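For reference, the chains in residue letters:
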Amino acid sequence: MENKKKIGLILNELISNQNTLDIPKFFSNDYVVHTSKKDYLGHKIIIKWNKDLHNFFSDLKVIIIQFLVQTDEFIVWKRTLRGKIKPSKNKNLKIDQSLILHLNTSVFRPNHQRICNKSYP
């Protein structure tokens, strides 16, 4: 499956369907997420991220997936999520994230995934 389609499928499963069961199918055990505070290894961070998103937001949707650069080694992409802050049903939040995903084989085995968050009221 093409990497762009794979990213769309994964986001749909995680965000729209809240399905974390297929994470091992798409992400290697040595998957690494780098944040400004800490590096995280493995599937637990993906499951925690997904759980936290759905605990704090309702009506969560992927609004935009924009692919900025793609080579055989990496993809630079941006995703925009939108949802309502729980328990308030009236406060919308838009989250823009830019990511660099280093690729290796048919599963995502990145050396780095950088996430930069911007939230808007």
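The rules we used
- Residues numbered from 1 in each chain as written.
- Predicted model: local features only at pLDDT ≥ 70, side-chain atom pairs only at ≥ 80, totals over all residues.
- Heavy atoms only, no water.
- Salt bridge = Lys/Arg side-chain N within 4 Å of Asp/Glu carboxyl O.
- Helix = DSSP H or I, 4+ residues; strand = E, 2+ residues; numbered from the N terminus.
- Buried < 20%, exposed > 50% of the residue type's maximum accessible area, 1.4 Å probe, protein only.
- Expected span 1.5 Å × (residues − 1).
- Arc of directions from axis to C-beta.

What follows is about the pattern of salt bridges. In this structure the tally under the stated criterion is one salt bridge. Between Asp-52 and Lys-48 there is a salt bridge, with the nearest N and O atoms lying 2.7 Å from each other. Highlighted residues: Asp-52 and Lys-48, both in helix α3 (residues 44-56), separated by four residues, approximately one helical turn. A relative accessible area of 47% places Lys-48 in the partly exposed class.

A word on α3. The terminal C-alpha atoms of α3 lie 18 Å apart, and with 13 residues this matches the ideal 18 Å at 1.5 Å per residue to within 8%. Listed as buried for α3 are Ile-45, Ile-46, Asn-50, Leu-53 and His-54. What you see down the axis of α3 is that its buried residues fit within an arc of 160 degrees, all on one side. Opposite the buried face of α3, at more than 90 degrees from it, the exposed residues are Lys-44, Lys-51 and Phe-56.

So, on to the environment of Ser-98. With respect to the helices and strands, Ser-98 occurs in strand β5 (residues 92-102). You can call Ser-98 partly exposed: its relative accessible area is 32%.

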